[in-house]
Amino acid sequence: MGSLQMSYLFSIGAKMLGVAAVMMLASIAVGFLASRTAAKVARGLRERLFARVLAFSDAEVQAFSAASLITRGTNDIQQIQMVLVVLLRMVLYAPILAVGGMFMVSSTNFSMSWIIALAVAAIFVVIFILMAVAMPKFKIMQKLIDRVNLVSREMLNGISVIRAFGRQSFEEDRFDEANVALMKTQLFTNRAMTFMMPTMMLIMNAVSVLIVWVGGSYIDSGAIQTGDMIAFITYSMVIIMSFLMMGMVSVMLPRADVAAQRVNEVLETPVSIGDPDDAVAAKPGESEGARIEFRDVTFAYDKGSEPALKNVSFVAEPGKTTAIIGSTGSGKSTVIKLIERFYDVTSGAVLLDGVDVRRFAQRDLRAQLGYVPQKAFLFSGTVRSNVAYADESMDAEQVALACDIAQASEFVESRPEGLEAEVSQGGSNVSGGQRQRLSIARALACDARALLFDDSFSALDYRTDARLREGLAKHLGSKTVIIVAQRIATVLSADRIVVLENGCMVGCGTHEELMASCETYQEIALSQLSEEELKGGDSR
């Protein structure tokens, strides 16, 4: 008999150990698959979000703000990923436990099942109350994270201005205000969430007491055996733990839901600048310049706001230099943005070779245009990678020629690494003038039919400015050049000068013609140069 009992114990024990080993392996596999799946979903969301942001015009980016878009692409997607891991590990596991526990309870003693139903109802009531309290705060929390990111971004970008004006304490107070507001909201939600576990444990202990109390009366009456009551308590705890796990997930869901809504808001935002279905084929390989025409163009940045441009009409001919000049806020940079189709005109049309720019695919349109922004921006990498940004396979001779025309060769060659010299993020390790010259070289290096300079010579001294314009005139040939400038010396030799004032075109012609006929141009010219210099004596 002893050997039979030991054989039975070893047999059952081996089976139990085998089942435990299988459970361990299954748990490891589930954890691995859940983490991998959640990471892939997060990666896909980030890719879609990034692609959508790249397709946005300036209007959509400004509507969300850069800080908010960064938060949505990092913090919000991380929240979604965390909840996905928990969902995949628990939500499939917990219902199986609950259903199995209910089956075993019904087969053990169905008369006490109402106790489990009461416990589950109490759990759902607690979860509902917590979600009702916490959900509004979760929405506020994500906006407060946006605010902290916005203030941090402004402080880092404007650190030199802050130090120059001694406003460190003011900025610290501003950041502290945003930080404390976020902290208070997080404390509230965390306290609400921590209230859940003690409440759930109270429910579980109360259920155990109720089962013993009710089960004791059933044992006295002979309705059930003591073993049945112990088994009922065990199965009840399994069922309640299953609902507890689902409850924990449901508490995490509100914040993930808010994060998902914010990500979805970006993904579902329509892009205001899109490609037409019947796009006109462009020919970026042409060597001749592009004819760019503004035909009665009116444009306002927002509906109902004052137009930035009003009924502007002019033509930039191939092989010619067209300059745009005017006072601050006159709409000069807006002209460049409309050519690049960063915005679409409110009325009228911008034409390239007689075709409305809205009829081109954006990639084809911009492949014909070399753009130098008002604020020169460089990417982290090397001089070569920045100048050859349009084409990574660009040969060194083409890069060197672009640097030479842009008057960047001297400081590039002064570095031991030459074209392979390192450039920090944003070009922070080069001066403003060097950054601007490399930005100009980047536009010159691409095979563009028209070059657009948005006040790109402001950081250059007069000598470098003059040499740069000489190089442009010598090497660009039949390409179209449009220059937005503040300095009158930069536009003196332009073939055509367009004068803007309060968004209206008040003059168009050569320097001599405008000096004779345009009062606005005369005021700008005489405020910067003497009459002798304007006559060509010392303009360079």
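Up top is the structure these notes are about.
Residues numbered from 1 in each chain as written. Predicted model: local features only at pLDDT ≥ 70, side-chain atom pairs only at ≥ 80, totals over all residues. Heavy atoms only, no water.

Draft legend 1. Here's a closer look at the overall build of the protein. A count of helical and extended segments in the protein gives 20 helices and 12 strands. Its C-alpha atoms put the protein at 120 × 55 × 50 Å along the principal axes. At a minimum sequence separation of 6, the contacts of the protein that also span at least 24 residues come to 76%. Approximately 28400 Å² of the protein is accessible, and the part contributed by carbon and sulfur atoms is 59%. Between the centroid of the 50 positive side chains of the protein and the centroid of its 57 negative side chains there is a distance of 6 Å. (Helix = DSSP H or I, 4+ residues; strand = E, 2+ residues; numbered from the N terminus. Contact = heavy atoms within 4.5 Å. Areas by Shrake-Rupley, 256 points an atom, 1.4 Å probe, with all protein chains shown as cover. Lys, Arg positive; Asp, Glu negative; His and termini not counted. Charge placed at Lys NZ, Arg CZ, Asp CG, Glu CD.)

Draft legend 2. Quick peek at the packing of aromatic side chains. According to the stated counting rule, one finds eight aromatic pairs in the structure shown. Relative to Tyr343, the ring of Phe299 has its centre 5.5 Å away and its plane inclined at 55°; by these criteria the two rings are tilted. Of the two residues, Phe299 sits in strand E1 (residues 292–299) while Tyr343 sits in the loop between helix H10 (332–339) and strand E4 (347–352), which places them 44 residues apart along the sequence. Note on Tyr301 and Tyr343: the rings are 5.1 Å apart at their centroids and 90° apart in plane angle, and the pair reads as edge-to-face. Of the two residues, Tyr301 is situated in the loop between E1 and strand E2 (309–316) and Tyr343 in the loop between H10 and E4; the sequence distance between them amounts to 42 residues. The class for Tyr343 is buried, based on a relative accessible area of 7%. A network of ring pairs unites the aromatic residues Phe299, Tyr301 and Tyr343 as a single cluster. The lysine or arginine in question, Lys137, covers the ring of Phe188, its NZ or CZ lying 5.1 Å from the ring centre. Above the plane of the ring of Phe170 lies Arg167, whose end atom (NZ or CZ) is 4.2 Å from the centre. (Phe/Tyr/Trp six-rings, centres within 6.5 Å; stacked < 30°, edge-to-face > 60°. Buried < 20%, exposed > 50% of the residue type's maximum accessible area, 1.4 Å probe, protein only. Lys NZ or Arg CZ within 6 Å of the ring centre and 35° of its normal.)

Draft legend 3. Region of interest: the pattern of salt bridges. In total, this model carries 14 salt bridges according to the counting rule given. With a closest N to O distance of 2.9 Å, Glu154 and Arg174 form a salt bridge. Of this pair, Glu154 sits in helix H5 (residues 113–157) while Arg174 sits in helix H7 (residues 168–194), and the two are 20 residues apart along the sequence. On the basis of relative accessible area, Glu154 is assigned to the partly exposed category, the value being 39%. Note that Arg341 and Asp344 form a salt bridge whose closest N and O atoms lie 2.7 Å from each other. Given the relative accessible area of 5%, Arg341 is considered buried. Residue Asp344 is classed as partly exposed on the basis of its relative accessible area of 21%. (Salt bridge = Lys/Arg side-chain N within 4 Å of Asp/Glu carboxyl O.)

Draft legend 4. Quick peek at the nonpolar core. Val387, Leu444, Phe453, Ile488, Ile497 and Tyr521 are the most contacted members of the largest nonpolar core, which totals 49 residues. In terms of residue count, the dominant contributor to this core is helix H15 (residues 432–445) (six residues). Membership of the second largest hydrophobic core comes to 39 residues, among which are Met112, Val120, Ile211 and Phe232. (Core = buried A, V, L, I, M, F, W, Y, C linked by side-chain atoms within 4.5 Å.)

Draft legend 5. Spotlight on the side chain of Thr480. Tracing the chain through its elements places Thr480 in strand E10 (residues 480–485). The buried category is assigned to Thr480, whose relative accessible area is 0%. Residues contacting Thr480, with those up to four places away along its chain left out, are Gly289, Ala290, Ala316, Glu317, Pro318, Gly319, Lys320, Arg449, Ala450 and Leu451.

Draft legend 6. Expanded view of the pairing of strand E9 (residues 450–454). Counted residue by residue, E9 has five buried out of five residues, so it is predominantly covered. Because side chains alternate across E9, one face comprises the buried residues Ala450, Leu452 and Asp454, and the other comprises Leu451 and Phe453, equally buried. In the sheet, strand E6 (residues 369–372) pairs with E9 via four bridges, with the strands oriented parallel. Within E9, the residue paired with Tyr371 across the bridge is Leu452. (Pairing = 2+ DSSP bridges.)

Draft legend 7. Representation of a negative patch on the surface in the model. On the surface, a cluster of negative charge is made up of Glu172, Asp173, Asp176 and Glu177. Among the structural elements, Asp173 can be located in helix H7. (Patch = residues over 30% accessible without salt bridge, like charges linked within 9 Å, V, L, I, M, F, W, Y side chains within 5 Å.)

Draft legend 8. Local environment of the environment of His511. Take His511: it is sitting in helix H18 (residues 511–517). Along the backbone, His511 and Gln425 are 86 residues apart, and their C-alpha atoms lie at a distance of 40 Å.

Draft legend 9. Spotlight on a nonpolar patch on the surface. A grouping of Met6, Tyr8, Leu9, Phe10, Ile12 and Met16 is seen on the molecular surface, where their side chains present a nonpolar patch of about 670 Å² in accessible area. The residue Met6 is located in helix H1 (residues 2–55) in this model. The exposure class assigned to Met6 is partly exposed, which follows from its relative accessible area of 41%.

Draft legend 10. A look at H10. With seven of eight residues buried, H10 lies mostly within the body of the structure. Listing the buried residues of H10 in full gives Lys332, Ser333, Thr334, Val335, Ile336, Leu338 and Ile339. Positive backbone phi, approximately 60°, marks Arg341, located one or two places after H10.

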